[in-house]
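Chain by chain, the residues:
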Amino acid sequence: MGLTARWQVLEERVLSDNWGLLKTTRLRLTMADGHVSEQWRETYDRGDGAVILPCDPARGHVLLGRQFRWPVAYNGEAEPYLIEAAAGLLEGADPAERIRGEASEELGLDLASVRFLFALYMTPGSVTERLHFFTATYAAGDARARFGGLREEGEEIEILDLPLAEALAMVADGRIRDAKTVILLQHAALHLMPDAARRQAGGPPNGGLAVASPRA
């Protein structure tokens, strides 16, 4: 990792300031070999977010939601509903506090505690958002709600209490197509519930995903 660069902001223009802030910026970038490049780059800033995958180790289940996504419909896909882990924008809140609120709003779960996993840039080529990943435990009796979401925010979420092995199979066959959700499911299969991931789910073991044994 020997590459280094220096940059200077020459000009900024606001293109839109609606739900998020869309800017175009003219940069002067000095690369590691001394070459100087001037370029325009766009950034979309809507703040950072958080996402959570609740896991039930006793049953080997995970709790997800299914909801309408306009960008998917805009792309002309026949199935505009995505199966996703509960997530939301921080809006200035502490990530752990905010994700507990999202779990309540979207999944009907009241979580006393959550476990932070990592923070990742999801679309670093243009979007400034860092997504904070969490997990938590729940039990069968906690997963009673069938629908969630805030109607005043236009949300209608079908809550899915699924075996982890079935969720992994849904990744393999394309029914789960959301990146943050795939990351969390693979993390659960590798580190949180590897035994549950090995169970059959009406198809190949682990939905065709490789699952490594945890280190002692």
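All of the points below concern the structure found in this document. Not measured: the values here are computed from a predicted model. (Residues numbered from 1 in each chain as written. Predicted model: local features only at pLDDT ≥ 70, side-chain atom pairs only at ≥ 80, totals over all residues. Heavy atoms only, no water.)

1. Focus: the sheet that holds strand β1 (residues 6-17)
Point 1. Strand order in the open sheet formed by three strands is β1-β2-β3, and the pairing between neighbours is antiparallel. Two strands bound the open sheet, and with one partner strand each, they are β1 and β3 (36-45). Within the sheet, the average angular offset between the axes of one strand and its neighbour, ignoring direction, is 20 degrees.
Point 2. Where strand β2 (residues 21-30) and β3 come together, 10 bridges link them in antiparallel fashion. Counted as the bridge partner of Leu-21 is Asp-45 from β3. (Pairing = 2+ DSSP bridges. Helix = DSSP H or I, 4+ residues; strand = E, 2+ residues; numbered from the N terminus. Axes fitted to C-alpha atoms, helices over the stretch in contact; angles between N-to-C directions.)

2. Section: the nonpolar core
Point 1. Within the largest apolar cluster, 27 residues are counted, with the highest numbers of intra-cluster contacts made by Leu-53, Val-62, Leu-64, Leu-164, Ile-176 and Leu-185.
Point 2. Among the secondary structure elements, those contributing two or more residues to this core are β4 (49-56), β5 (61-68), β9 (130-137), β11 (157-163), α3 (164-172), α4 (179-192) and α5 (194-197).
Point 3. Once residues lying within four places of it in the same chain are set aside, the contact partners of Leu-164 are Gly-60, His-61, Val-62, Leu-185, Ala-188, Ala-189, Met-193, Ala-196 and Ala-197.
Point 4. Judged by nonpolar contacts, the second largest core, of 17 residues, contains Leu-63, Leu-90, Ile-99 and Tyr-138. (Core = buried A, V, L, I, M, F, W, Y, C linked by side-chain atoms within 4.5 Å. Buried < 20%, exposed > 50% of the residue type's maximum accessible area, 1.4 Å probe, protein only. Contact = heavy atoms within 4.5 Å.)

3. A look at the packing of aromatic side chains
Point 1. Counted under the stated rule, the structure contains four aromatic pairs.
Point 2. For the ring pair Phe-68 and Tyr-81, a centre distance of 5.8 Å and an interplane angle of 70 degrees mean the geometry is edge-to-face. Remark: Tyr-81 occurs in strand β6 (residues 81-84) and Phe-68 occurs in strand β5; sequence separation between them is 13 residues.
Point 3. Centroid distance Phe-116 to Phe-134: 5.5 Å. Interplanar angle 70 degrees. Geometry classified as edge-to-face. Taken together, the positions of Phe-116 in strand β8 (residues 115-121) and Phe-134 in strand β9 put the pair 18 residues apart, joining distant regions of the chain.
Point 4. Look at Phe-134 and you get buried, because its relative accessible area is 4%. (Phe/Tyr/Trp six-rings, centres within 6.5 Å; stacked < 30°, edge-to-face > 60°.)

4. A few points about the packing of α3 against α4
Point 1. Following both chains from N to C, one finds α3 and α4 inclined at 135 degrees, their axes separated by 10 Å at the closest point. Between α3 and α4, the angle falls in the class oblique. Crossing handedness for the pair α3 and α4: left-handed. For the pair formed by α3 and α4, the contact residues are Leu-164, Ala-167, Leu-168 and Val-171 on the first element and Val-182, Leu-185, Ala-188 and Ala-189 on the second.
Point 2. Its residues placed into classes, the contact of α3 with α4 shows eight nonpolar, no polar and no charged. (Parallel < 35°, antiparallel > 145°, perpendicular 65-115°, else oblique. Left-handed = near helix turned anticlockwise from the far one by under 90°. Nonpolar A, V, L, I, M, F, W, Y, C, P; charged D, E, K, R; others polar.)

5. A closer look at the pattern of salt bridges
Point 1. The tally for this structure, following the rule as stated, stands at 19 salt bridges.
Point 2. Here Glu-38 makes a salt bridge to Arg-28, at a shortest N to O gap of 2.9 Å. You can see Glu-38 sitting in strand β3 and its partner Arg-28 sitting in strand β2, a full 10 residues away along the chain.
Point 3. Here Glu-38 falls in the partly exposed class, since its relative accessible area comes to 44%.
Point 4. Residue Arg-59 is joined to Asp-56 by a salt bridge in which the shortest nitrogen-to-oxygen separation is 2.4 Å. (Salt bridge = Lys/Arg side-chain N within 4 Å of Asp/Glu carboxyl O.)

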